[in-house]
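Fold and geometry: a report
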Amino acid sequence: MWSWVAHRVTGVLIFFFLFVHVLDTALVRVSPEAYDQVVATYKTPIVALLEYGLVAAVLFHALNGLRVIAVDFWTKGARYQKQLLWSVVGLWVVLMLGAIYPVLGHAARELFGS
């Protein structure tokens, strides 16, 4: 059940991110100066943590979506549902560990220096 909840929550979070992204991109047509200010706030370490959370949400949602497809369309999917879930969680953890430096490297350099 928790994977069901997490799948819905990550889907909603991704939707809201896309909504905000469309709005801030549209801001460039209204006021390029305001757009530049918004983009400047995106270079802060706090936003880098939010980006890491976005990567976590997108990655979990995608991997869990593949698991749901496997359970629904593979004849043995329901039998191996638990193993598929733990495979998704394991792969998600490994990929999230690999995403630490690419996503948070700039924030770490800004906070602690080169």
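Below you will find a few notes about this structure. (Residues numbered from 1 in each chain as written. Predicted model: local features only at pLDDT ≥ 70, side-chain atom pairs only at ≥ 80, totals over all residues. Heavy atoms only, no water.)

**Notes on the nonpolar core**
Quick reminder of the rule: To define a nonpolar core, start from buried Ala, Val, Leu, Ile, Met, Phe, Trp, Tyr and Cys residues and group those joined through side-chain atoms within 4.5 Å. Burial classes: relative accessible area under 20% of the type maximum marks a residue as buried, over 50% as exposed, and values in between as partly exposed (1.4 Å probe, protein chains only). Put simply, DSSP H or I for four residues or longer makes a helix, DSSP E for two residues or longer makes a strand, and each gets a number counted from the N terminus. We call two residues in contact whenever any of their non-hydrogen atoms come within 4.5 Å of each other.
The biggest cluster of nonpolar side chains holds eight residues, and these are Ala 48, Tyr 52, Ala 56, Met 96, Ala 99, Val 103, Leu 104 and Ala 107. Secondary structure elements with two or more residues in this core: helix H3 (45–73) and helix H4 (81–112). Examining the composition of this core, we find that five residues originate from one element, H4, more than from any other. Aside from chain neighbours lying at most four places away, what touches Ala 107 is Pro 45 and Ala 48.

**Topic: the packing of aromatic side chains**
Spelled out, the test is: Each pair of aromatic rings taken from Phe, Tyr and Trp, with Trp reduced to its six-membered ring, is defined by centres within 6.5 Å and is described as stacked if the planes are under 30 degrees apart, edge-to-face if over 60, and tilted in the remaining cases.
Applying the stated criterion across every chain yields a total of three aromatic pairs. The interplanar angle of 65 degrees and the centroid separation of 5.6 Å between the aromatic rings of Phe 15 and Phe 16 together place this pair among those described as edge-to-face. Judged by its relative accessible area of 52%, Phe 15 is exposed. Judged by relative accessible area, which is 46%, Phe 16 ranks as partly exposed. Taking 6.5 Å as the distance between ring centres and 85 degrees as the angle between the ring planes, the aromatic pair formed by Phe 60 and Trp 92 counts as edge-to-face. Highlighted residues: Phe 60 in helix H3 and Trp 92 in helix H4, separated in sequence by 32 residues.

**Re the side chain of Thr 10**
Note on placement: Thr 10 falls in helix H1 (residues 2–30). If we ignore the near neighbours within four places in the chain, the residues touching Thr 10 are Ala 57, Phe 60 and His 61.

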